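Each chain is listed here by its residues.
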4 protein chains.
Amino acid sequence: MPGRNHLFVPGPTNIPERIRRAMDVPLEDHRAGDFPDFAKPLFEDIKKIFQTSAGQVFIFNSSGTGGWEAAITNTLSPGDGVLQSRFGQFSHLWAELCRKHAMEVTLVEAPWGEAVPYERYAEILKADTAHKIKAVLVTHNETATGVTSDIPRVRKILDDLKHPALLMIDGVSAIGCIDFRMDEWGVDIAVSGSQKGLMLPTGLGLVGVSQKALEWRKTAKCHRAYFDFDDQLRMNADGWFPYTPAMTLIRGLRESINMLLEEGLPNVYARHARYAEAVRKGVAAWGLELCARDPASYSNTVSAIVVPMNKNANDVVKNAYARYNLSLGGGLGDVAGKVFRIGHMGDLNEIMVLSALAGTEMALRDSGIDVAPGSGVGAASEYLRTTLKPA
Amino acid sequence: MPGRNHLFVPGPTNIPERIRRAMDVPLEDHRAGDFPDFAKPLFEDIKKIFQTSAGQVFIFNSSGTGGWEAAITNTLSPGDGVLQSRFGQFSHLWAELCRKHAMEVTLVEAPWGEAVPYERYAEILKADTAHKIKAVLVTHNETATGVTSDIPRVRKILDDLKHPALLMIDGVSAIGCIDFRMDEWGVDIAVSGSQKGLMLPTGLGLVGVSQKALEWRKTAKCHRAYFDFDDQLRMNADGWFPYTPAMTLIRGLRESINMLLEEGLPNVYARHARYAEAVRKGVAAWGLELCARDPASYSNTVSAIVVPMNKNANDVVKNAYARYNLSLGGGLGDVAGKVFRIGHMGDLNEIMVLSALAGTEMALRDSGIDVAPGSGVGAASEYLRTTLKPA
Amino acid sequence: MPGRNHLFVPGPTNIPERIRRAMDVPLEDHRAGDFPDFAKPLFEDIKKIFQTSAGQVFIFNSSGTGGWEAAITNTLSPGDGVLQSRFGQFSHLWAELCRKHAMEVTLVEAPWGEAVPYERYAEILKADTAHKIKAVLVTHNETATGVTSDIPRVRKILDDLKHPALLMIDGVSAIGCIDFRMDEWGVDIAVSGSQKGLMLPTGLGLVGVSQKALEWRKTAKCHRAYFDFDDQLRMNADGWFPYTPAMTLIRGLRESINMLLEEGLPNVYARHARYAEAVRKGVAAWGLELCARDPASYSNTVSAIVVPMNKNANDVVKNAYARYNLSLGGGLGDVAGKVFRIGHMGDLNEIMVLSALAGTEMALRDSGIDVAPGSGVGAASEYLRTTLKPA
Amino acid sequence: MPGRNHLFVPGPTNIPERIRRAMDVPLEDHRAGDFPDFAKPLFEDIKKIFQTSAGQVFIFNSSGTGGWEAAITNTLSPGDGVLQSRFGQFSHLWAELCRKHAMEVTLVEAPWGEAVPYERYAEILKADTAHKIKAVLVTHNETATGVTSDIPRVRKILDDLKHPALLMIDGVSAIGCIDFRMDEWGVDIAVSGSQKGLMLPTGLGLVGVSQKALEWRKTAKCHRAYFDFDDQLRMNADGWFPYTPAMTLIRGLRESINMLLEEGLPNVYARHARYAEAVRKGVAAWGLELCARDPASYSNTVSAIVVPMNKNANDVVKNAYARYNLSLGGGLGDVAGKVFRIGHMGDLNEIMVLSALAGTEMALRDSGIDVAPGSGVGAASEYLRTTLKPA
């Protein structure tokens, strides 16, 4: 099949050439005497991406799912209360994982397409005068629905109630794309993975941990070993990893951090916002709607697009892939068949965004959804063109 | 600058991943005992791309310009007559090269945008009863104007007149993209380079040579050494090169040939024709015109697009590159500032073609050329969508 | 620093060019419709490397340490008895991990340099008439000391006693290098990692599981989620992974399996044996001794070499790295400073083995250990030369 | 075949990882507006490698053979006298090339293994009072025999005689490895290729040209086009190439220059000298002799080693390659079968040098040449170890 694949799933994202080359290296001795010269600055700089200076960021050989497990098992004990809202596949899965680790999960169902139900969170936490809830979970950016929740607002609920629960954030499809301020927002644990905003292959789970959360590990009774913060803390301090690190990915992570800091995080966030808005202009021009209901919670990294009632969103995904080598995200869980998703995060530029829309337009028409050819691209391109700032 | 460069100059073209990996190899001993096991099939298979079985194809470490020189110096003598038509920058340059090698060039000026002036060629050759013209040159696909000439028609002129001149073709931006039949069309020398239809980096000059042309080397008095056919003939026969070959490119060439033969040359040509037509649909939707005047000679590898009289085509190219990381071709020589060019050859698929149009649309509007946003993409995408054959 | 690093730590090992290229790919959609066409044969073929047809092999984004955790948590319950012998750093660490998961570990201390204490295992298991010991752990190849234990012999102990405990093997530095027959030897769980015999970067934990062990997961009460066999079983059946797989490594794994099967596992094992013997010839020529005491348990993947009493093995490692860019393994745990290690596993040939010895000779002399220059290389090379079979 | 190839032919040489990655790039538009920002510093910095500030260095898509042709055709006219000495295959070939371009070659035969016959050069030039000899050619480092000639001594001959002939140097296997001072030594033309000291794949011919030689182009009557200095001069001045440059190689060249300048040319030369001496220590320990007769002319980039009278050097090369994947150079031309060659130039370190010797020792013994196992490696390693300077 000639030409390249057009990768617009909401992760993994496109690897920039610089990172690709940084990973194309022979293997190395991770116990070499000069290894800490490499690792120590890395441990410092990854913290900048999480916008934390008070906390730590641990790097695991795992996916983001492993990060979820690390968050829970290092700070909580079996039977502890966990508050989570289920409004998409990934908030659903984190709650499931908590249950597997014997947490008492208070699961608040919310419509898929909405953000965290702040009011319900507030009510539940207010009612929890015994502080049985030890952790409040928020999926910052629900990848299944393209909805971003307001972390400071959740923080404020906890603060107002003086509730001591840890605030744990799934930042997998947000960190490195959407503004995320671990320290300023009072986040206790933030989980991410390598294959989204960090523009790397899958294989690293990154977990930002506040000092408060680190303290909790001392009383947490969940069994843990592979994901134990203790081993990381002890070894990282001297520039080592507790077991063999996934060095090709970690060499890529070094370059990823370099790129993000060179561009500047505010610029990175603004770029994602602008591209997301362009995609939304395109969707509007097609006459279609987003799964996300409230513009305030539109995601800047993924748009889940609802197909007309009598159509199957999976057809769009299939046609895009089979006919045009365009990889879109399908609907997951409760919205399977109802939405398809365009990932617009990571290493993108204007024309790449337009290429996703151009391919999607064709796939929509192939699937019997009558959008005007060129309409989405035209709306998006005019927005992009007129909002471009000179370099 | 985030995201990838969008390369739509008319060469170099995009390297497919398979070829990129094939070239990412350690260096090797080109005198190793098993080297001929690799080289001999290569020498055979490259002939298939030229559609010759009677001739030879020589592989030089050079650009296509070197191939031009090889063609002339191996078959002609100083003072020999050469017939060439000047209707673009590359036909111009080949004629210049002939002059540097002391050929007597009969240069037929033709409007840039037209094909070889067949009638004038016929007249001149008819008048050349003394057969002072030893070589008839045709730039098969003039990259500067997006015009493809009719090689069999030139052959017929020679045949009808029983004129013995060698028929020499510049196939640099044609071979591997546009149907080219060296044996069937009676071509004596065909020159190509690695960075166009072969989807490789620049660095290889490929020269197809008929038995008749090979015979002529015995009387040709031009001095030659680096490009001497003799050395190639003698060494290639046993699977060697006369001097150190550019092995990374040659490993890539092996993969390139594999890919072209796997897809099948007729499919490759049809794909190029279809993408070219899509681009032309886009240009028409913009209300712009091609530099090429006669639809019969529209190039399937490059479209030179004329901007309105009061506009500067260089602005389009500059804006495309500076604002969107889109590389278009500028106007060269006589059409500088008047046309810009979209290369659509090599490793492309539908969405890549549309991405070129999407970026060009923005650059046109940035340059004050009022095309409707999405119009070109829409026209092209609908054409591509409805002409796509199931895999 | 000019020239390449010479990587002879006992993992990670050298990546072959074929694998390196196989991993140098753009990212891809792991939910694409044709993904199972890739994944299903992979799930089958990795079983061949473990020599199992009755069992399953699960592929985790983790290191081998994660594989240890998967083995324990999927089959056992807190408080279960585990029998392990501590005779090196890695057998030590697996026991520690079991303790973290609340197992009752019966830890048999054995001298570092010896294999599993078979007699003690037999006695303990015989005494365990209540079958409180649920798992018998064996570190097949103790990477810290260069000692290989006899797995069939441990199996026989269990069989003779009709003891139902699961037999769990750490095969991290053995599988793909040293003969390992999961089915034939009655192994219930075998753990490996990507960065040793599989010649890949670190980042994949591979766990072979017998049907018996799979059955045990139904009653195992350890909490588990990331490493849950259930999710893998269910998803793998249809050619999927339960969460985003580390695709660059997995594309490499495909190529690694191809290479091992092309060479043939018996040939791979024989090659490792021959290179290991060459290293031992070299060590003998130096007048030094191995940490491994019994020739029957000499490891074919790593040799731990004892330095004279008044010398520091760390000096050898430091000099090798700082002066010659040669990466050797240092002594770990109880043998720190007393031994250094040469890894000789994975993608090696004769001259690579000799290069390790040549560099070590210099580093030994630099560290005040008076070996005769060229002695180790000479002894090894003559052995290699005279035992080479024609290709 | 497991493990890597050991490349010790006298070019191509090993590509350093940094250069390999620098070349693993997508193609680019060599007419992009910002291209001169890249090219202009490159044109300046390559001059540093030739140690010229007064001259120019032109970069051709060719091999070094093309550089020979460029040197001759841009400065001379058919019938011009050229003085060359034939003392190896490459001095032989350059003379042949001159003849093909109709030069009157005065060819001084010298024994293969000796340097330029300075006295004969002096006599001939003295006798040439009519200054019919327009160019004096010197193969600085004869790759076939491992002999380095004394360029300043030849310069002095010309100066003493006030002979105006151009001094042309083949520096292919010398520049970037052995001290070469174009300006200081009064060299008029220096030819090199990419695949030796520059550590790149074959494909670039580099030609350093003095102002005097540039001046001569105005009267030189040789026909030339592809290798015309004029086009390069005119285009390079503004940061362009006259035709499509081999960009992947040129991106590699940029990195190569960076590496050489970072290490420092004096350090590069000293490293080559030290490794060459180590090889010679090894050869002496084997009881074998070099083809080069005078220690003053021993090459620091390649050693040609004479096998005993009744043995065939080709057997050594064949055994090395077939049995150990070691690529050595065979004997060429007059010394075919009598010598084999070890290339020791480019990106090497101590252990790489020793690995060549270790493999050669085995191949010698396989070929019935009775060297003591380990003797060459031991002698070389002890020399390397004791002469290593702290980093």
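Being a predicted model, the structure only gives us computed values, none of them experimental.

Details of the overall build of chain A
Then comes step 1: Per the secondary structure count, chain A includes 13 helices and 14 strands.
Then comes step 2: Its C-alpha atoms give chain A a radius of gyration of 21 Å, near enough to 21 Å, the size a compact globule of 391 residues would have.
Then comes step 3: Its C-alpha atoms give chain A principal-axis dimensions of about 60 × 55 × 35 Å.
Then comes step 4: Looking at chain A residue by residue over its 391 residues, the buried ones come to 62%.

As for the relation of the copies chain B and chain D
Then comes step 1: Superposition record for chain B on chain D: RMSD 0.0 Å, screw rotation 180°, translation along axis 0.0 Å. The transformation relating the two chain copies, once decomposed into turn and shift, fits a two-fold axis. Of the C-alpha atoms belonging to chain B, the one lying closest to the rotation axis is found on S62 of chain B, 2.5 Å away.
Then comes step 2: The fraction of interface residues of chain B whose copies in chain D are also interface residues reaches 98%, indicating that both copies meet through the same surface.

What about the sheet that holds strand β15 (residues 339-343) of chain C?
Residues and elements named next belong to chain C.
Then comes step 1: If you walk across this open sheet you meet the four strands as β11-β12-β15-β14, and the pairing is antiparallel. Sheet topology places β11 (289-290) and β14 (329-330) at the edges, where each strand pairs with a single neighbour.
Then comes step 2: Here strand β12 (residues 302-306) runs beside β15; their pairing, made up of five bridges, is antiparallel. Following the sheet pairing, V306 is matched in β15 by V339.
Then comes step 3: The strands touched by helix α11 (residues 313-324) are β14 and β15; relative to β15, the strand with the most contacts, the crossing angle is about 45°.

Considering the interface of chain B and chain D
Then comes step 1: Contact with chain B, which involves 45 residues of that partner, is made by 44 residues of chain D.
Then comes step 2: Breaking the side of chain B that touches chain D down by element, the ones donating at least two residues are α3 (64-73), α4 (89-100), α9 (247-263), α11 (313-324) and β13 (326-330) of chain B.
Then comes step 3: The residue makeup of the side of chain B that touches chain D, split by class, is 18 nonpolar, 18 polar and nine charged.

Some points on the packing of helix α10 (residues 265-286) of chain D against helix α13 (residues 375-387) of chain D
Residue and element names in this part refer to chain D.
Then comes step 1: Contact geometry of α10 with α13 gives a least axis separation of 7 Å together with a crossing angle of 145°. You can see that α10 and α13 cross each other, and the crossing is right-handed. Contacts between α10 and α13 involve R274, E277, A278, V279, K281, G282, V283, A284, A285 and W286 from the former and S375, G376, V377, G378, A379, A380, Y383, L384 and T387 from the latter.
Then comes step 2: When its residues are assigned to classes, the contact of α10 with α13 shows eleven nonpolar, five polar and three charged.

Considering the pairing of strand β10 (residues 204-209) of chain D
Residues and elements named next belong to chain D.
Then comes step 1: Summarising burial for β10: six of the six residues are buried, a large majority.
Then comes step 2: Side chains L204, L206 and G208 project from β10 onto one buried face, and the interleaved G205, V207 and V209 project onto a second face that is buried too.
Then comes step 3: Sheet topology note: the strand β2 (residues 56-61)/β10 ladder contains six bridges and is antiparallel. The residue bridging V57 from the neighbouring strand is G208, located in β10.
Then comes step 4: Bridge analysis of strand β9 (residues 189-193) against β10 gives five bridges, and the strand direction is antiparallel. Across the sheet, G193 pairs through a bridge with G205, a residue of β10.

Concerning the sheet that holds strand β11 (residues 289-290) of chain B
Residues and elements named next belong to chain B.
Then comes step 1: Read across the open sheet, the five strands follow the order β1-β13-β14-β12-β11; overall the sheet is mixed. Each of the sheet's edge strands pairs with one partner strand only, and the pair in question is β1 (6-8) and β11.
Then comes step 2: Sitting on the sheet, helix α12 (residues 350-366) is in contact with β1, β13 and β14 (339-343), with an inclination near 90° to β1.

Digging into the confidence of the model for chain A
Then comes step 1: Per-residue pLDDT for chain A has a mean of 98; in total, 100% of the residues score no lower than 70.
Then comes step 2: Reported confidence for the predicted complex is 0.97 by ipTM and 0.97 by pTM.

Notes on the pairing of β2 of chain D
Then comes step 1: Of all six residues in β2 of chain D, six are buried; the element is thus mostly enclosed.
Then comes step 2: Judged by which residues are buried, β2 of chain D turns out to be covered on both faces: Q56, F58 and F60 of chain D on one side and V57, I59 and N61 of chain D on the other are all buried.

So, the nonpolar core
Then comes step 1: Membership of the largest hydrophobic core comes to 525 residues, with the highest contact counts inside it found for V136 and I189 of chain A, V136 of chain B, V136 and I189 of chain C together with V136 and I189 of chain D.
Then comes step 2: Contacts of V136 of chain B, omitting those with residues within four sequence positions, involve L83, Y121, V154, L158, A165, L167 and M168 of chain B.

Some words on α10 of chain D
Helical geometry: 3.6 residues make up each α-helical turn, so side chains three or four residues apart lie on a common side.
Residues and elements named next belong to chain D.
Then comes step 1: Its 22 residues give α10 an end-to-end C-alpha distance of 32 Å, which sits within 8% of 32 Å, the value for a rise of 1.5 Å per residue.
Then comes step 2: The set of residues buried in α10 consists of V268, H272, Y275, A276, A278, V279, R280, G282, V283, A285 and W286.
Then comes step 3: Where α10 is buried, its residues meet α9 (247-263), β11 (289-290), β12 (302-306), β15 (339-343), α12 (350-366) and α13.
Then comes step 4: At the exit of α10 stands G287, carrying a positive phi of roughly 80°.

Remarks on the environment of P41 of chain D
Then comes step 1: Relative to the assigned elements, P41 of chain D resides in helix α2 (residues 35-49).
Then comes step 2: Sequence separation between P41 of chain D and P16 of chain D is 25 residues, and the spatial gap between their C-alpha atoms is 22 Å.

With respect to the domain arrangement of chain A
Residues and elements named next belong to chain A.
Then comes step 1: The domain boundaries assigned to chain A delineate domain 1 (6-12 + 265-387) and domain 2 (17-262).
Then comes step 2: Relative placement of domain 1 and domain 2: their C-alpha centres are 27 Å apart.
Then comes step 3: Opposite the 28 residues of domain 1 that make contact, domain 2 presents 27 residues.
Then comes step 4: Of all elements in the fold, only α10 (265-286) and β12 (302-306) reach the threshold of two or more residues within the side of domain 1 that touches domain 2.
Then comes step 5: In the side of domain 1 that touches domain 2, the residues fall into 14 nonpolar, nine polar and five charged.

Focus on α2 of chain D
Residues and elements named next belong to chain D.
Then comes step 1: Taking 1.5 Å of rise per residue, the 15 residues of α2 would be expected to cover 21 Å, and the 22 Å separating its terminal C-alpha atoms lies within 8% of that figure.
Then comes step 2: Within α2, burial applies to A39, I46 and I49.
Then comes step 3: Looking at the buried positions of α2, the neighbouring elements they touch are β2, β10 and α9.
Then comes step 4: Downstream of α2 by a residue or two, Q51 has a phi angle that is positive, lying close to 50°.

Examining unusual backbone geometry
Then comes step 1: Cis geometry is found at the peptide bond from G11 of chain A to P12 of chain A, where omega equals 0°.
Then comes step 2: Mapped onto the secondary structure, P12 of chain A falls in the loop between β1 (6-8) and α1 (17-23).
Then comes step 3: Although it is not a glycine, H131 of chain B adopts a positive phi angle of roughly 55°.
Then comes step 4: As for its position among the elements, H131 of chain B is in the loop between α5 (118-127) and β5 (133-139).
Then comes step 5: The class of H131 of chain B is partly exposed, set by 13 C-beta atoms lying within 10 Å.

What counts and what doesn't
Residues numbered from 1 in each chain as written. Chains lettered and ligands numbered in written order. Predicted model: local features only at pLDDT ≥ 70, side-chain atom pairs only at ≥ 80, totals over all residues. Helix = DSSP H or I, 4+ residues; strand = E, 2+ residues; numbered from the N terminus. Rg over C-alpha atoms; globule rule 2.2 N^0.38 Å. Buried ≥ 20, exposed ≤ 12 C-beta atoms within 10 Å, placed from the backbone. Least-squares fit on C-alpha atoms with pLDDT ≥ 70 in both. Contact = placed C-beta atoms within 7 Å. Pairing = 2+ DSSP bridges. Axes fitted to C-alpha atoms, helices over the stretch in contact; angles between N-to-C directions. Nonpolar A, V, L, I, M, F, W, Y, C, P; charged D, E, K, R; others polar. Left-handed = near helix turned anticlockwise from the far one by under 90°. pLDDT = per-residue confidence, 0-100. Core = buried A, V, L, I, M, F, W, Y, C linked by C-beta atoms within 7 Å. Expected span 1.5 Å × (residues − 1). Domains from an automatic or database assignment.

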